[in-house]
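Per-entry structural report
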Amino acid sequence: MSQNKETEIQLQYIEKCKELLAKSSTKHPTFHIQNEGCQMNSIQTESIAAIMEKMGYEMVDTEDADAVVFNTCTVRENANQKIYGHLGHLKSIKREHPDMKIVLFGCMMQEHHVVEKIRKDYKYVNLVFGTHNIHKFPELFYRALQTDEQIIDIWKESDEIVEGMPTSRKYSFKTGVSVMFGCNNFCSYCIVPYVRGRETSRPIESIAAELAGLSSEGIHEVTLLGQNVNSYGRDLYGRPRFAEVLALAGQSGVERVRFVTSHPKDLLPETIEAMAAYDTIMPQLHLPLQSGSDRILRAMNRSYTVERYLGLVRDLRRACPDISLSTDIIIGFPGET
């Protein structure tokens, strides 16, 4: 099915939800939405919020609402425990408000044991879906509005990226632009490839059109997002083309451009050159090191050495003398002395 056709179908489901709500006894339905995790989650949360508002819901700050939606993260255990805590709190609210709809989606829902726990211990949760079928939310929510049965719809994978769905922005001056989804690296400590799937890049023309639109709307700052932006385009074009995306962003009219996250093994010379070529690309880079030991880096399946990393730092400082570098380091990795 084409992206445009899928978008059209989901927009129709938004209208169907709006019609259902108009016929209900709740005159001014409210929703509460909460986001956990990365900046990409934030962008998806903004899209879900915009869809809810198109349906006729009003956003509120309290969980005592007609619909409560959680975008979950599973990279950190604390994020999982917070979700279970919220669900425990919602149980008493739903007892008093049985028509409330509770929705869980995102990375945490891609874990089989989590879904089984929700199915067994939190039967009052109405709708559960994952990371690969977020574009189906209007259709799934329409089903949830018509039944009290729990709906669980988890896809193991998908290479479908649906453009043109409603979105809203938390800030009027800055936003994120997702350039790709998923990761192919399989670092030994990381769950992301299993919950986000393999790398799927957006067509470069779609990114260019979005950047142009944001510039015309007066957005001052854009962050280009992906689990590993440096490998952008390898799946679509046979080679990474992130340097071209940076050039597009640098010439888009947006005043400040940033990007996350970068994997050292895929940071190419042409990407560094693009960073240096445009004043609008901020001289700042987050480049995770993870360990200063080649032995531990091999155990982590990071695919670079300490010397390779330091060489990249030298190249970056040579091209952008004022660059600000930040990093991640894992301390106490299994086998580390």
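Note that the structure is predicted; figures quoted are calculated from it, not measured.

1. Observations concerning the overall build of the chain
Of the regular secondary structure elements, the chain holds 12 helices and 13 strands. What you see for the chain is a C-alpha radius of gyration of 21 Å, in line with the 20 Å of a compact globule of 337 residues. Taking the principal axes of the C-alpha coordinates as reference, the chain spans close to 65 × 50 × 35 Å. Counting over 337 residues, the chain shows a buried share of 51%. Taking the intrachain contacts of the chain between residues at least 6 apart in sequence as the baseline, contacts between residues at least 24 apart amount to 75%. A total of about 16,200 Å² of accessible surface is found on the chain, and carbon and sulfur atoms cover 49% of it.

2. Here we look at the side chain of His-86
Considering the arrangement of structural elements, one finds His-86 in helix α3 (residues 77-96). We classify His-86 as buried; its relative accessible area is 18%. If near-sequence neighbours (up to four positions away) are discounted, His-86 is found in contact with Gln-34, Glu-63 and Phe-70.

3. With respect to the pairing of strand β4 (residues 101-106)
Summarising burial for β4: 6 of the 6 residues are buried, a large majority. In this structure, strand β3 (residues 67-72) lies alongside β4, joined through 6 bridges in parallel fashion. Bridged to Ala-67 within β4 is Lys-101. Handedness of the crossover joining β3 and β4 through α3 is recorded here as right-handed.

4. What about unusual backbone geometry?
Val-260 connects to Thr-261 through a cis peptide bond whose omega is 0°. Looking at where Thr-261 falls in the secondary structure, it is placed in the loop between β11 (256-260) and α10 (269-277). The backbone of Ser-303 shows a phi angle near 70°, a positive value even though the residue is not glycine. For Ser-303, the position within the fold is in the loop between α11 (294-299) and α12 (306-319).

5. Points about the sheet that holds β4
Sheet strands pair via backbone hydrogen bonds, and the direction of the pair is either parallel or antiparallel. Spatially, 6 strands are ordered β2-β1-β3-β4-β5-β6 in an open sheet, and the strand pairing comes out parallel. Single-partner strands in this sheet number two, and they are β2 (58-59) and β6 (151-153). Where strand β1 (residues 30-35) meets β3, 5 bridges bridge the pair, whose relative direction is parallel. From the neighbouring strand, Gln-34 faces β3, where its bridge partner is Phe-70.

6. Looking at the packing of α10 against α12
Where α10 contacts α12, the axes come no closer than 9 Å and their chain directions differ by 25°. For the element pair α10 / α12, the angle class is roughly parallel. The element α10 and its partner α12 pack so that their crossing is right-handed. Across the interface between the two elements, Ile-272, Met-275 and Ala-276 from α10 touch Asp-315, Leu-316 and Ala-319 from α12. Residues that form the contact of α10 with α12 fall into these classes: 5 nonpolar, no polar and 1 charged.

7. Brief notes about the packing of aromatic side chains
Taken as a whole, this structure holds 13 aromatic pairs when the rule is applied. Judged by centre distance (6.1 Å) and plane angle (70°), the ring pair of Tyr-122 and Tyr-124 falls under edge-to-face. Summarising the burial analysis for this pair, Tyr-122 and Tyr-124 share the class buried. Centre to centre, the rings of Phe-242 and Phe-259 are 5.2 Å apart; their planes meet at 70°, and the pair counts as edge-to-face.

8. Focus on the environment of Leu-104
Structurally, Leu-104 is set in strand β4. On the basis of relative accessibility, which here comes to 0%, the residue Leu-104 falls in the buried class. The spatial distance from the C-alpha of Leu-104 to the C-alpha of Pro-269 is 41 Å, given a sequence separation of 165 residues. If near-sequence neighbours (up to four positions away) are discounted, Leu-104 is found in contact with Phe-70, Ile-83, Leu-87, Met-109, Ile-118, Val-125, Leu-127, Val-128 and Phe-129.

9. Some thoughts on helix α7 (residues 204-216)
Counted at 1.5 Å a residue, the expected span for α7 with its 13 residues is 18 Å, and the 19 Å between its end C-alpha atoms agrees. Listing the buried residues of α7 in full gives Ile-204, Ile-207, Leu-211 and Leu-214. Summarising the axial view, the buried residues of α7 lie within an arc of 90°, below the 170-degree limit, and thus occupy one face. Exposed residues lying more than 90 degrees from the buried face of α7 are Glu-205, Ala-209 and Ser-216.

10. So, the pattern of salt bridges
In a structure, side chains of opposite charge can pair up when their charged atoms sit close to one another. Evaluated as defined, the whole model comprises 18 salt bridges. In this structure, the salt-bridge partner of Glu-6 is Lys-136, at a minimum N-O distance of 3.3 Å. Here Lys-136 lies in the loop between β5 (127-129) and α5 (137-145) and Glu-6 lies in helix α1 (residues 3-23), a separation of 130 residues in the sequence. Owing to a relative accessible area of 2%, Glu-6 belongs among the buried residues under this scheme. Taken together, the shared-partner salt bridges connect Glu-221, Glu-255, Arg-256 and Arg-258 into one network.

Rules and cut-offs
Residues numbered from 1 in each chain as written. Predicted model: local features only at pLDDT ≥ 70, side-chain atom pairs only at ≥ 80, totals over all residues. Heavy atoms only, no water. Helix = DSSP H or I, 4+ residues; strand = E, 2+ residues; numbered from the N terminus. Rg over C-alpha atoms; globule rule 2.2 N^0.38 Å. Buried < 20%, exposed > 50% of the residue type's maximum accessible area, 1.4 Å probe, protein only. Contact = heavy atoms within 4.5 Å. Areas by Shrake-Rupley, 256 points an atom, 1.4 Å probe, with all protein chains shown as cover. Pairing = 2+ DSSP bridges. Right-handed = clockwise from strand over helix to strand, strands pointing away. Axes fitted to C-alpha atoms, helices over the stretch in contact; angles between N-to-C directions. Parallel < 35°, antiparallel > 145°, perpendicular 65-115°, else oblique. Left-handed = near helix turned anticlockwise from the far one by under 90°. Nonpolar A, V, L, I, M, F, W, Y, C, P; charged D, E, K, R; others polar. Phe/Tyr/Trp six-rings, centres within 6.5 Å; stacked < 30°, edge-to-face > 60°. Expected span 1.5 Å × (residues − 1). Arc of directions from axis to C-beta. Salt bridge = Lys/Arg side-chain N within 4 Å of Asp/Glu carboxyl O.

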